[in-house]
Amino acid sequence: MTRRIVTKLLLSPWRIHTICSSAFIAASIFILWPRTAPRAWRLEAGDYAGIVISASFLLSLGILLIVCTSLLLKLKNKKVLGLIASWLGIWGTTLTIFMLLAMIADPMPPRSEELPQPIQQSDTLHIPHDYLVGPEALLIPITPEHYDAHTIIQTPSLTLLEKEHPAIFERYITTAPRWAHSSADDTFYTKPGHVVMEPPSSNKGNPGHIHVAFRSIAEGEPVPEGYVVVHPGDEFPAKTEESPHIPDFALDLGGNHYLLLAWRGAAHQETAFKAINAAIGAVEARFEILAANPSAETIEKMIKGKPDTLGNTPEMRLCEPPAQYGTYQAEIFANPGEEGTILLIIKDLEKGATLRVLNCPAQYSNNENELFRHDFPGAMPDWLKKTEFNAAETNLPDGTPLFVISKGESHHYFGAAFEVWFSPAGNPKQRKLIMRRCYKVQPYETN
């Protein structure tokens, strides 16, 4: 009986291939819409989905080849042609559905501009306002239009971690570079090293930014000075004659931790409150995985992030987080294909002087369609960070995911060329230029 069913499946022109096709489409949904995956699986969902997609197609193709070969040996040529035609129809339809889903999902991350060619020949200056994708990125885009301007949204993941797993919560926010260096001061929004949420710009420019940090307050200590304490589900406070401005908020998470939110921008209440809710939602979304699986292993994965992506064209992203003048973050996406070192050499365009030389071990593979993310300064060796970014000289806390190009008076802009080189292991003289891009940058003012 079982043998008859298996034979019927294998010889059917559509049954087994339709099953494989359905698995292909189902797995693609977790790649195009990652948040549809169960929260505990989201860190690996893309990898697992990729395996399912490859396996389903290869299984279908393998079965087709085996069955067709068997039928050809029995001289059943017409049946072979029917099987091939049916298989092509099924997978043609599958590819069409996948392309339509991809167009609907538009999974590409937001970009501030078109990606350039790897080696920029001109000295055209770009603005260092790229959105980084790694777990150390301090500038995060948000979309406030779908949020309420009257009631503060709920935070189930943050609240769960605070009440049931406070040690895990504390461990993550004190070790993750994105959060660990911004909570010691009530005026954190004036200092480098904190997260900034940014709504999209309009014809009138950017409406403002939300500066975000976590604060741990022991029992008996006062709440941050100048902040209005609110809770998830509370109504936003109304404007009064005594308080006409948008206040800074301290969101009480139900334990010792508060989420500080400081809006800096247009004094339009609806715009500000929608953006604040969007910022809370963005933070909440980044803690869903930890709430689903509160463990040291999850923390390690979250801090590391996804190290690679599909592609074969090297790319550089540079960001100067708002209000953190003269400090920068960079991501280099490259795959040199062999062991060696990635160097980021920053030169003054006008004077030709080398301002910084940063480097990190190259990540690589034999896959020509794979690029690896190299974070600067995150991927740099510790000894080099201490040499290049002396805390006493820059006033940047140790471990802050930022680097300084030069010191001086801020807002004195100049052009700088960013060159990415690869130096092979054991043969540093054979280094090659991977890409070059020019930016408008400014010094970092230490006083």
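See above for the structure.
Residues numbered from 1 in each chain as written. Predicted model: local features only at pLDDT ≥ 70, side-chain atom pairs only at ≥ 80, totals over all residues. Heavy atoms only, no water.

K.L.:
Teacher, can you tell me more about the overall build of the chain here?
P.N.:
Along the chain, the regular secondary structure elements total ten helices and 15 strands. Burial statistics for the chain: of 447 residues in total, 45% are counted as buried. The contacts of the chain with a sequence gap of at least 6 include a subset with a gap of at least 24, amounting to 71%. (Helix = DSSP H or I, 4+ residues; strand = E, 2+ residues; numbered from the N terminus. Buried < 20%, exposed > 50% of the residue type's maximum accessible area, 1.4 Å probe, protein only. Contact = heavy atoms within 4.5 Å.)

K.L.:
Teacher, can you tell me more about the sheet that holds strand 15 (residues 432-441) here?
P.N.:
What links the strands of a sheet is backbone hydrogen bonding, and the strands pair in either a parallel or an antiparallel sense. The strand order across the open sheet formed by four strands is 11-10-14-15, and the pairing between neighbours is antiparallel. The open sheet is flanked by strand 11 (354-361) and strand 15, the only strands paired with a single partner. The sheet shows a mean angle of 20° between the axes of neighbouring strands, taken without regard to direction. By the bridge criterion, nine bridges tie strand 10 (residues 340-348) to strand 14 (residues 414-424) in an arrangement that is antiparallel. Of the residues in strand 14, the one forming a bridge with Thr341 is Ser423. (Pairing = 2+ DSSP bridges. Axes fitted to C-alpha atoms, helices over the stretch in contact; angles between N-to-C directions.)

K.L.:
Please clarify how helix 6 (residues 166-175) should be interpreted in this entry.
P.N.:
A turn of α-helix holds 3.6 residues, and therefore any two residues three or four places apart point the same way. Burial in helix 6 covers these residues: Ile168, Phe169, Tyr172 and Ile173. Across the axial projection of helix 6, the buried residues extend over an arc of 120°, all falling on one side. In the core, the buried residues of helix 6 are packed alongside helix 5 (156-164), strand 3 (208-216), strand 6 (257-265), helix 7 (269-292) and helix 8 (296-304). (Arc of directions from axis to C-beta.)

K.L.:
I'm lost on the nonpolar core in this one. Help?
P.N.:
Proteins that are soluble and globular tend to have nonpolar side chains buried together. Counting 42 residues, the largest nonpolar core has Trp179, Met197, Ile210, Phe214, Leu261 and Phe287 as its most contacted members. At the level of elements, helix 5, helix 6, strand 2 (195-198), strand 3, strand 5 (248-252), strand 6, helix 7 and helix 8 are the ones that each hand at least two residues to this core. A per-element tally of this core places helix 7 first, with twelve residues. Sequence-distant contacts of Met197, that is, excluding residues within four places in its chain, are made with Ile140, Ile142, His209, Ile210, Val212, Ala279, Ala282 and Val283. (Core = buried A, V, L, I, M, F, W, Y, C linked by side-chain atoms within 4.5 Å.)

K.L.:
What is the right way to read the packing of aromatic side chains from this model?
P.N.:
Aromatic ring pairs are defined here through the distance separating the ring centres and the angle between the ring planes. One pass over the structure, following the stated rule, counts 17 aromatic pairs. Aromatic side chains Trp179 and Phe287 sit 6.2 Å apart centroid to centroid with 45° between the ring planes, which places their arrangement in the tilted category. Taken together, the residues Trp179 in the loop between helix 6 and strand 2 and Phe287 in helix 7 connect sequence positions 108 residues apart. Measuring from ring centre to ring centre gives 6.3 Å for Tyr328 and Phe403, while their planes differ by 40°; the resulting arrangement is tilted. Pair noted here: Tyr328 is in strand 9 (residues 327-334) and Phe403 is in strand 13 (residues 403-404), with a separation of 75 residues, a long-range link. The ring centre of Tyr189 lies 4.4 Å from the NZ or CZ of Arg264, which sits over that ring. Sitting over the face of the ring of Tyr413, Lys440 holds its NZ or CZ atom 5.0 Å from the ring centroid. (Phe/Tyr/Trp six-rings, centres within 6.5 Å; stacked < 30°, edge-to-face > 60°. Lys NZ or Arg CZ within 6 Å of the ring centre and 35° of its normal.)

K.L.:
Before we go on, may I ask you to explain unusual backbone geometry in this structure?
P.N.:
Note: most peptide bonds trans; most residues except glycine with negative phi. The omega torsion across Phe376 and Pro377 is 15°, close enough to zero to call that bond cis. Along the polypeptide, Pro377 turns up in the loop between strand 12 (370-376) and helix 9 (382-388). Phi is positive for Ala323, which is not a glycine, with a value near 65°. Of note, Ala323 is situated in the loop between strand 8 (315-319) and strand 9. Ala323 gets classed as partly exposed once you look at its relative accessible area, which sits at 26%. A positive phi angle, close to 70°, is found at His411, a residue other than glycine.

K.L.:
I tried to follow the pattern of salt bridges on my own but got confused; where do I start?
P.N.:
Pairing between side chains of opposite charge can happen when the charged atoms of each approach one another. Within this structure, the stated rule accounts for ten salt bridges. Its salt-bridge partner being Lys274, residue Glu270 comes within 3.5 Å of it at the nearest N-O pair. In this pair, Glu270 and Lys274 both sit in helix 7, four residues apart, roughly one turn of the helix. Between Asp375 and Arg373 there is a salt bridge, with its nearest N and O atoms 2.8 Å apart. Residues Asp375 and Arg373 agree in their burial class; the two are buried. When salt bridges that share partners are traced, they join Asp123, Lys347, Glu419 and Arg436 into one network. (Salt bridge = Lys/Arg side-chain N within 4 Å of Asp/Glu carboxyl O.)

K.L.:
Got a minute to help me understand the sheet that holds strand 4 (residues 227-230) in this structure?
P.N.:
Read from one edge of the open sheet, six strands run 1-2-3-6-5-4, paired in mixed fashion. Edge positions in the sheet fall to strand 1 (139-141) and strand 4, since each of these pairs with one other strand and no more. The average undirected angle you get between the axes of adjacent strands in this sheet is 25°.

K.L.:
Looking at this structure, how should I read the pairing of strand 15?
P.N.:
Side-chain direction in a regular strand flips from residue to residue, so the side chains alternate between the two faces of the sheet. In terms of burial, strand 15 is largely enclosed, as seven of its ten residues are buried. The pairing of strand 14 with strand 15 spans nine bridges and is antiparallel. Pairing of Phe414 across the sheet is with Val441, part of strand 15.

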